[in-house]
Every structure is written in C-alpha cells, then in structure tokens.
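Chain by chain, the residues:
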Amino acid sequence: MRLLVVEDDAALGPIVVRGLREDGHSVDLAATVAQAKRELAVTHYDLVILDLGLPDGDGVKLCRDLRRDDIATRVLMMTARDTTPDVVHGLDAGADDYITKPFDYPILSARVRALLRRPARGGNPVLRGLHIELDPAGHRVTCAGVVTPLTAREFALLHYLMSRADETVSRSDIIDHVWDAHLDPMSNVVDVHIAQLRRKLSTRDSEAPISTIRGVGYRFGPSASIDGAISAPNERGASE
Ligand code: CA
C-alpha cells in the first residue's frame, strides 16, 4: 500500500516511516502542509498519517481541504492533542481514526492494518438538494445558505433521506437506519421528526423538499419527481 506520513518531528517522522516500510508499505514523508499537498496532488495514497501541529499550517485544516476536494484517501491523525474536543474535532474534519502521542509503534501499525482492511471511502461528499446542503464531515446543514441547527436525530434522518434522494424510503427503512431496533414501528416518532425537519428546512420562498408518499414512506427530492412518485402508488391501486 502507498502511504504518506506528514510529520515535522525530525526524530518521529523517520521512525514511523521505517516501521511502515518494514511492515511492507511504500512510504513517503512530508514535513510541512505545503509538501504534503504537493505529494497528494501527484500521488494516490491509500492512507495518510497526519500530524496536526505542522510548521506552516494545521493538519485538521489539511484534512478538511482533502475532503472538500473529494480526495478519498484514508486519514489517520497522529497527535499530542488528546482532549475529547480535539479528538471529536479531528474526526469531524474527516479523519478515519485518531492516535495520540506518545504511542507504541505496534499500536500504530495495528491501526494502519485495520484502516487498510476497510474499503477505501468514497470521500465524504457534501449532499445537495434544492436549497439544502448537508456536510457530513462538518456535521452542518445549510438551508438557502443559512446554517440551520438540527438535533443529532434530525441530522441523521436528513442525511439518510438525502443519501437516497429521489427514492421513496419506507418508514421501516428509516427506523432501521436512523433509530435502533427497539423503536416500536407503530410509534409516530418518525412522523414527528419529519415534521420538525420540514419546519426547520422551509424558507419563505420554498417548502422543505420532503414529501410523504402515503402508504409507502417519505422522499427527498425536487417537487417535479415527487409528483411522479405520488402517481405511482395510485396506479397500483394503493389505498388513498
Ligand atoms: Ca508536529
């Protein structure tokens, strides 16, 4: 596998590179954000091991830039920043894993193996639909350009609907993906959350593009295709 280590510590960088080479990987080393960007522009890496405190910038920003540019490489952050907010901030910027210094090399080596076993990510693309934009990495939703605070459950529900945009999604699919198995399928919690999302995502000029397909489920998409979807159950004689 092709790996990039971004680390400015003159002692640690070469140690990590040597270990990873002994593990059988092809490894490059960059000591600055600028150098890392140059390498990333010309080489496809399976994994980037990223220090956060770099002489010419911050690794968290570099990670966020990679995700914004849809660069799908796996990212393992390697840093002395070990508080809970640091770790959350790093993972939310699009990192796949996080290891705090100091660490024993075998643990880094095992984390690298675990990451490389996972399928390469398809990036963490920002989802867009009409006036709504959802950024999974930044955990942020904007509605007509205005940041709209959502609860964690509302965010998960919108993410699921937008990731299956233009499909009608059944209530039981939603419950499986957004709630846990213990939710009573007869409860109206899905409907309540859909109503809250609609209210939060409507603007003066446009309604939230979430429609109810009676007897089937819900659908995120532009209203033109929603009309088509509504006619489909009627043709099959659905109870309406
Ligand atoms: Ca550093």
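Coordinates for the structure precede this section.
Heads up: these notes are all about the structure in this document.

A few words now on the overall build of the protein. Within the protein, the secondary structure is distributed over 9 helices and 14 strands. Scored against the burial criterion, the 240 residues of the protein give a buried share of 42%. Relative to all contacts within the protein whose residues are 6 or more apart in sequence, the contacts with residues 24 or more apart total 56%. Summed over its atoms, the accessible surface of the protein is roughly 12,500 Å², and 52% of this surface lies on carbon and sulfur atoms.

Pairing is antiparallel across the open sheet formed by 4 strands, whose spatial order is β8-β9-β10-β11. With one partner strand each, in any of the chains shown, β8 (127–129) and β11 (146–147) form the two edges of the open sheet. Where strand β9 (residues 132–135) meets strand β10 (residues 140–143), 4 bridges bridge the pair, whose relative direction is antiparallel. Note that in β10 the partner of E133 across the bridge is T142. On the sheet, helix α6 (residues 152–163) packs against β8, β9 and β10 and is oriented at approximately 110 degrees with respect to β9.

Before going further, it helps to examine the packing of helix α2 (residues 33–42) against helix α3 (residues 59–68). One can describe the packing of α2 onto α3 by two numbers: an axis separation of 11 Å at closest approach and a directional angle of 25 degrees. By the angle class used here, α2 and α3 are roughly parallel. The handedness of the crossing between α2 and α3 is right-handed. Facing V33, A36, K37 and L40 of α2, the residues of α3 in contact are L62, D65 and L66.

All right, on to the environment of A41 then. Looking at the element boundaries, A41 is found in helix α2. With 30 residues separating them along the chain, A41 and I71 place their C-alpha atoms 9.6 Å apart.

Right, let's get into the coordination of the calcium ion. Note on metal geometry: ideal angles are 109.5 degrees for four donors arranged tetrahedrally and 90 or 180 degrees for six donors arranged octahedrally. For the calcium ion, the protein coordination sphere consists of D8 (OD), D51 (OD) and G53 (O), at 2.2 to 2.3 Å. Expressed as a motif, the donor residue spacing for the calcium ion is D-x42-D-x1-G. Remark: D51 occurs in the loop between β3 (47–50) and β4 (53–54) and D8 occurs in the loop between β1 (2–6) and α1 (12–22); sequence separation between them is 43 residues.

The side chains of a regular strand alternate, residue by residue, between the two faces of the sheet. The buried fraction of β1 amounts to 4 of the 5 residues, a majority that puts the element mostly inside the structure. With 5 bridges joining them, β1 and strand β2 (residues 26–30) adopt parallel strand pairing. Across the sheet, residue V6 finds its bridge partner in β2, namely A30. Summarising the sheet, β1 and β3 pair through 4 bridges and their orientation is parallel. Residue pairing across strands places L4 opposite V48, the latter belonging to β3.

Rules and cut-offs
- Residues numbered from 1 in each chain as written.
- Predicted model: local features only at pLDDT ≥ 70, side-chain atom pairs only at ≥ 80, totals over all residues.
- Heavy atoms only, no water.
- Helix = DSSP H or I, 4+ residues; strand = E, 2+ residues; numbered from the N terminus.
- Buried < 20%, exposed > 50% of the residue type's maximum accessible area, 1.4 Å probe, protein only.
- Contact = heavy atoms within 4.5 Å.
- Areas by Shrake-Rupley, 256 points an atom, 1.4 Å probe, with all protein chains shown as cover.
- Pairing = 2+ DSSP bridges.
- Axes fitted to C-alpha atoms, helices over the stretch in contact; angles between N-to-C directions.
- Parallel < 35°, antiparallel > 145°, perpendicular 65-115°, else oblique.
- Left-handed = near helix turned anticlockwise from the far one by under 90°.
- Donors = N, O, S within 2.8 Å, 3.2 Å for Na, K, Ca; no water.

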